[in-house]
Each structure stands twice: as structure tokens, then as C-alpha cells.
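# Breakdown of the fold
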Amino acid sequence: MTAPASVPPRLRPLLPWLLLTALVCGSYANALGNGFAYDDKRAILGNEAVRSLRSVPDLFFMKFHARSRAASEASYTGSYRPIAALSVAVDFALWGAAAPGHHATSVLLHLLVTLAAFALFRRLVPADAAFVGAALFAVHPVHTEAVTALSNRGDVLATLFVLASLAALRLVLDAPATAGAGAGAGGVLGWRAGAYLSTCFLFLCGLLSKETAFMLPGFVLLLLCLVRDRWTPLAAATAGARVDRAWLRRAGIACAGLAVPVAVALALRIRVDQGFRPPPSIFDMAGTPTLVRAALLVQVFADYVRLAVLGWPLAANYPWNSPWGDLASHVSGFRLPVSVLTLGLLVTLTLVFLRKVPLLAFGVGWFFVALFPVSHLAVKVGIVQSDRSLYLPTVGSCLLLGAAACALRQRASFRLRPLVTLCIVAWLVAFSLLTFLRNPDWRDDEAVARSIVRDRPDAPQGHDFLGGLLLKAQNWPEAEQCYRRLGSFSGAEGAAWQGIGMARLGRRRFAEAVEALEQSLRHQDAADTHGRLAFACLALGKQDLAERHYVRAYELDPRSAERTRELGLFRLRTGHEEEAVRLLLAAMRLETGEETPDEFTWNRSIGIDALRIERPDLALPFLDRACSVRPDEPEPRLERGIARYLADPVADRALADFEHCLRNRPGWPDALRWRGIALRRLGRLDDAAKDLREAVRANRQDREAGRHLFLVLAALGLRGDALQALADFPELRASVVPEVVDALRSLGVRREGGN
């Protein structure tokens, strides 16, 4: 790159590096405001092993998404990427659970990859072309998933270590020229050995970051075969002469030595993965007919070429990643012939200009070699297509695009050169803006889901993901609409009706929920659907029908703690205490893995379960036994006090339990709230107001304490204090609870939605 004349001579060599840094920081500045989204919660927030540097040794013997080493050994829970997990552990040591710090690390790593790519490009093409290629890589919008989604850090680290390995390998091959003539044979040998060990170590780190680093030998072969004369000064010094056999022998030995880190990585992976087990996939690519599979892969590869060049339109997920429908439906229409034409033209141009423009073959070769691990040609991978899969391949495409843009500028007439330069700048600015605008799509789970629905409305998994999030947020009407859209996709009708049924359950429209869930059962006989149907039938008073669905849910999934507990609670509700205890104990064993839980644990657990179904009379005997085993434990005393309060109109016995809790744990907000509620029932309003004030002061989100405090203050006639409590909990103005409505009227406060 030619520096402007106004730049001081000492800073001119640093100018391209500073500009690349500014491009990365500017394009990803708003990514620092993102939180943990999608897989981040499982791989980072839910991973106990990365929360302390003391657990670093365990990271090399467990999978990335596993919560612990024991969970990793139990079943397949994620990919083996210990270096990525190590980087997260370092982040936790530095930033804790503060998401901006984790995102700052990811942006820094992306910057390091960009600078490493620039260093490689400068060995292959002129300075201007190297800078443009690196700048395109820095701001390419297709990289936002790999950089902004923290769980995809393995892609960034693998690319960084691959580029660093290539740089170290070049030092191995150029040892005589680099070490200097006066270094002697021993100095050259020592330099070469150090560079070679560095190459192997960096390559091993890449392999332990993500599987895509396995393609490093392919990149080395491309460099040696296609651009050797520009890659190494030693070969450039003998350009046009005979091939240096000593150099070739050294290159062969160095490349063969890369098998050592591969063997180490495979040995670790086999031990952790207990053999070569394919990752879980949301579709059955192996069961797809060969012609359909080939046609779909041609489309996907052509789409990758389009994304590498244009960077648009992007999506957090693509329609053919769907668990529903037939993959053959995605290879019809005009997409297949256009894809065949695109790939055919690219291969033809590469072969025609192989000798004249070897850089073209190198860029195309790098792109497709890097895509091989996710091509489904050798091994099964989790999804068909993803943006993060392009992080390493775009090193080759950006090099090629930068070189082509600068070659076009050089060949343009003097008058047209400013226009070509302006187009290159506009290209970089457009990519930067696309990246900047796309970063917030990974802010949180809902942002990811809404971006999928926006970018790919034909992707059913986006509607399913968004519908699930809306259900959690209790946004029942929008969730039902979302699942209705999901029902328009072939094969997704069962999941759609189940989501509609859950939304109707949330709105307490039980009869309509039963209708929707029965529709879901016509498409798929699922245990979850039977469990929800049983709950709705119970709410409608159809006890026999509820029992039938609870039993069927248990039969379909007897190893599920949730299904076992649901049936046990139903048996408890209907008076079959012996069978209920057996089922609830079985559910506890499934949850904890303990064959014989102690008497205190299982009695307390059954008591809590009985409270959940609003049967305090059933809960009391079990909580009594738990309290007799451990009389000084405050938690079971609080739970027994709640059961006593709910079962007995006289709150004296419940009050004794709450006071015992506060003697053992002074200032406990839950105990303060319940003692205040009990005192209110006993008519001791002044004491109740004092306890409830302390409970609200300790927990400003305690709506139940706020409601009772408002009622107590209104009963005491303290209008100013009651209005202040109403201001702290404004949702009380919309309450339909009769006692709250009466209190609002007594204070002369207008309710929301009426007087």
C-alpha cells in the first residue's frame, strides 16, 4: 500500500496495520453491547468448568458444550474444542460473567486473524492488493456469526493458528536465508528446529480449537505447488533455475512432520469422544438419496461462493437446516441450474488460467479445501450450511478479490483509476455497514430468532425458535401467531399445534388448548403433548381423561424425571399415596442419580411437589417428617409453615414456623414476607406492615410482598404510604383480585381499565 505523502516516514510502514485495526474496531464496536445468545448460554454460562482456571486440565478431557467432565463422559453434549474452552476460562478470570469483556476478546482475536492474513497476503501479492484483501476480510459481514456469537470462537482461533502455523513453516523452509550467512550450520539447524517446533505446536492448538484446522496440509500443498516462487525468498532467488532439491526435501520432511500434531489431536479426541462418533444432526443427510444430496451440496457451495463475494443476504439459519420436510424440496426450481453454472464457470476459469494466473487457482483451492470439513463428503456434520463455516475459507476468497480489484485498477486508464478506487472504497464501506448493522442480531436469543424470521421467512426453525421464546416471555398471543406460521410448513404441523396449545394453556383457554394438543397428537404421539393435555383436562375437571394422558406420557418416556413426577403428583392428588411416593422417589433418582435418597431429602421433595399442585393437606405429613429429621433446617420449616398457612384458617402454627426461620436466619426476605402475611390474617396489621416493608426493601421485585403491603397499609388508613406502595408496584392498578379492587376504591384510585 502506498502511504500518503503527509504521513511521517517512520509511521508509513505502520499505516496499513493501523487502518486494519480501525476497520475491525469500527465494524464491531456495537458488538460489545451484546449479551450471551443462543449456544453461548450452554457453552459458556452453563459450563461450570470454564468458570475457574483451576479446572483448565479438565477442559482437555471434556467436550465444549458439556457442563462438567462427568456430563461430557455420560453422553454426547458438544464438540471437542479445549483451546476455545480455555479462552473462555481466561475471559471468566478477567471479566467474570460480564458479556462485554467476552465480546471484546472475540473482536481482538478477529483483529489478530486479520493482521495475520495481511502478513500472509503480503508474501503472495503486491502491497496494495494485500491490504484490500485483508480489509475485506476485516469487515466481511459473513464473519459476524463467528465473531459475535461467542460459542463460535473455535472458528476464529482455528483460523488464527492455521495462519500462524503457515508463517512458522515458512521460517522452516527459509532457515538459511533467515538465519544469515554468518550463523553457521549449527545456527541454521537451531533456527530451523525452533521454527519447526513452533509450527507443530501452533498446528496442534488449531486442531484443538476446531476441526477445520485439519486442512492445514492442504493449504501448504497449495502454497508449494502454486505460489512457491512468491512464498519463499529462497525460491525467488533461484527463480527460473532448476528446483532446489535440498529445499524440496526439507519441505517434504516438514509437511510429513505435521502428522505428529494430527496424531496427538486424534488420540485426545478418541479418548474424550470414546471413539469416532458423528455429531448430532437436525436432519438425516445420510438417508437422503445420492442425487438429491449431490444437488443440495452443489446449491450450498454455490451459495457459499455468492456469500463470499457479495456478503448478502445472510441468515442465522437456512431453510435446508430444518428438521422438518424433505430435503428434495430445496433442490427444485431455478436454483440448481444457476448453482451448476456458477460452480462450472469457476472451475473452468481456474483450469484455463492455471498457468498464467496461479493465484486464481490458489484462492479458489483455499476456499474449497477449507470448506471440505463441512461438506458432508467425508464426515457427517450438524447442519447443512452456516455463515461461520466461511470464516476460514474467506481467507482465500478475500485474497483473490483484493488482488482482482487492484489488478483492475492497475489496468484501468488514468482517468478511470479514481473511479475504480472509489468503487473499492465503497465496497469496503458497504461491508462495514452490513457488519455493523448485523452485529445486534446476536444480542440475545430473541434477537437471533427475529433475525432468522426476518432474513429467512421460509426457514421453519426460525418460527419455532421465536415461538418458544415468546412462550417463555408469556407473550401468548404473538406466540400463537408464530406457531400458526410454523404450521404452514410441511412436516411441522405437529410442533405447530403443540405450540398453539401451549399458548392457549398460558391464556387459560383450556378447552381450546385441548383441541390444539389433540391435533398435535394426530401428527406425532409425543410424551410432552400427552403431559400438557393431561394438565388441560385436569383443569377442565376431566379427571379420567387426564389420568389416561398422564399414563400414556409415562409409557412413552419412562426414563424422564418430568413424566414420572407428573404421574406421581396425579396419583398423590387422587389419593393413591403409596404409588405416588414410589413414582416421586423414582423421579428423584432419575434427577439426582442416587439410588437411595436419604429420608429428609425425599420427604421434603414430595412435600414441595404437593405444594406445587396446591394440595397443602397432602404436603403437611411429608414436611412434618422432614422437619423431624432436621429440626434446625430453616428451609423445610418455611415450607411447612406455608403448607400450614394454606391448609389451616388459623395462622398460629404457621406463624411459629416463620418465626423459627427468622431466628435461625435473620432478615430472610421469604420468611419476612410469609410472617407478614400470617400476621395480616391474625389482624396484627402494624407488625405485618413492618415485616412486609422489610421484605420489599430486601427484594424490590417481590410482587406478592408488595401486594400484601399495599393491602395492609390501605387497611390501616395510611393513604400516603399505600399510594407509595402502589407507585412501587404499578401492576396492582390492573389487578382483578377483589380485595385489591376494594382497597383501590377505598383510596379513591382509578383502576387501569375501569373505575
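Look above for the structure.
In this report, we go over the structure that sits alongside the text. (Residues numbered from 1 in each chain as written. Predicted model: local features only at pLDDT ≥ 70, side-chain atom pairs only at ≥ 80, totals over all residues. Heavy atoms only, no water.)

### Some details on a nonpolar patch on the surface
A cluster of nonpolar side chains, namely Leu345, Leu349, Val352, Phe353 and Val357, defines an oily patch on the protein surface of about 420 Å² accessible area. Inspection of the secondary structure puts Val357 in the loop between helix H18 (335-352) and helix H19 (358-371). (Patch = residues over 30% accessible without salt bridge, like charges linked within 9 Å, V, L, I, M, F, W, Y side chains within 5 Å. Areas by Shrake-Rupley, 256 points an atom, 1.4 Å probe, with all protein chains shown as cover. Salt bridge = Lys/Arg side-chain N within 4 Å of Asp/Glu carboxyl O. Helix = DSSP H or I, 4+ residues; strand = E, 2+ residues; numbered from the N terminus.)

### Focus on the packing of aromatic side chains
In total, this model carries 14 aromatic pairs according to the counting rule given. Plain terms: the ring middles of Trp17 and Phe118 are 4.8 Å apart, the flat faces sit at 75 degrees to each other, and that makes the pair edge-to-face. Here the residue Trp17 occupies a position in helix H1 (residues 15-27), and Phe118 occupies one in helix H6 (residues 99-124), the gap between them amounting to 101 residues. For Trp17, a relative accessible area of 24% translates into the label partly exposed. Summarising the aromatic geometry, the rings of Tyr38 and Phe465 are spaced 5.1 Å apart at their centres and angled 50 degrees between planes, so their arrangement reads as tilted. Taken as a pair, Tyr38 in the loop between H1 and helix H2 (40-45) and Phe465 in helix H23 (residues 460-472) lie far apart in primary sequence, 427 residues in all. A relative accessible area of 36% means that Tyr38 is categorised as partly exposed. (Phe/Tyr/Trp six-rings, centres within 6.5 Å; stacked < 30°, edge-to-face > 60°. Buried < 20%, exposed > 50% of the residue type's maximum accessible area, 1.4 Å probe, protein only.)

### Section: the packing of helix H31 (residues 599-612) against helix H32 (residues 616-629)
Where H31 meets H32, the axes come as close as 8 Å, and the angle between the chain directions of the two elements is 155 degrees. The pairing of H31 with H32 is recorded here as roughly antiparallel in orientation. The handedness of the crossing between H31 and H32 is left-handed. Residues Glu599, Phe600, Trp602, Asn603, Arg604, Ile606, Gly607, Ala610 and Leu611 of H31 lie in contact with H32, whose contacting residues are Pro616, Leu618, Ala619, Phe622, Leu623, Arg625, Ala626 and Val629. Considered class by class, the residues forming the contact of H31 with H32 number twelve nonpolar, two polar and three charged. (Axes fitted to C-alpha atoms, helices over the stretch in contact; angles between N-to-C directions. Parallel < 35°, antiparallel > 145°, perpendicular 65-115°, else oblique. Left-handed = near helix turned anticlockwise from the far one by under 90°. Contact = heavy atoms within 4.5 Å. Nonpolar A, V, L, I, M, F, W, Y, C, P; charged D, E, K, R; others polar.)

### Quick notes on the nonpolar core
Nonpolar side chains tend toward joint burial in soluble globular proteins. Judged by nonpolar contacts, the single largest core of 96 residues is most densely connected at Phe121, Val125, Leu163, Phe362 and Trp366. Ala654, Ala705, Val712 and Leu713 belong to the second largest nonpolar core, which has 38 residues in total. (Core = buried A, V, L, I, M, F, W, Y, C linked by side-chain atoms within 4.5 Å.)

### Topic: the pattern of salt bridges
Any two side chains of opposite charge can pair if their charged atoms end up close together. Summed over the entire model, instances satisfying the criterion amount to 43 salt bridges. Arg450 serves as the salt-bridge partner of Glu478, at 3.1 Å between the closest nitrogen and oxygen. Of this pair, Glu478 sits in helix H24 (residues 476-486) while Arg450 sits in helix H22 (residues 445-455), and the two are 28 residues apart along the sequence. Linking Asp657 and Arg644 is a salt bridge whose minimum nitrogen-to-oxygen distance equals 2.9 Å. Taken as a pair, Asp657 in helix H34 (residues 652-664) and Arg644 in helix H33 (residues 634-647) lie far apart in primary sequence, 13 residues in all. Owing to a relative accessible area of 12%, Arg644 belongs among the buried residues under this scheme. Through salt bridges with shared partners, a single network forms among Glu480, Arg484, Arg504, Arg507, Arg509 and Glu512.

### Considerations on the packing of H1 against H6
Axis separation between H1 and H6 bottoms out at 10 Å; the angle between their running directions is 145 degrees. For the element pair H1 and H6, the recorded crossing hand is right-handed. The segment H1 lies against H6, with Pro16, Trp17, Leu20, Thr21 and Val24 engaging Val107, His110, Leu111, Thr114, Leu115, Phe118, Ala119 and Arg122. Within the contact of H1 with H6, the residues separate by chemical class into nine nonpolar, three polar and one charged.

All quantities given are derived from atomic positions and should not be read as evidence of function.
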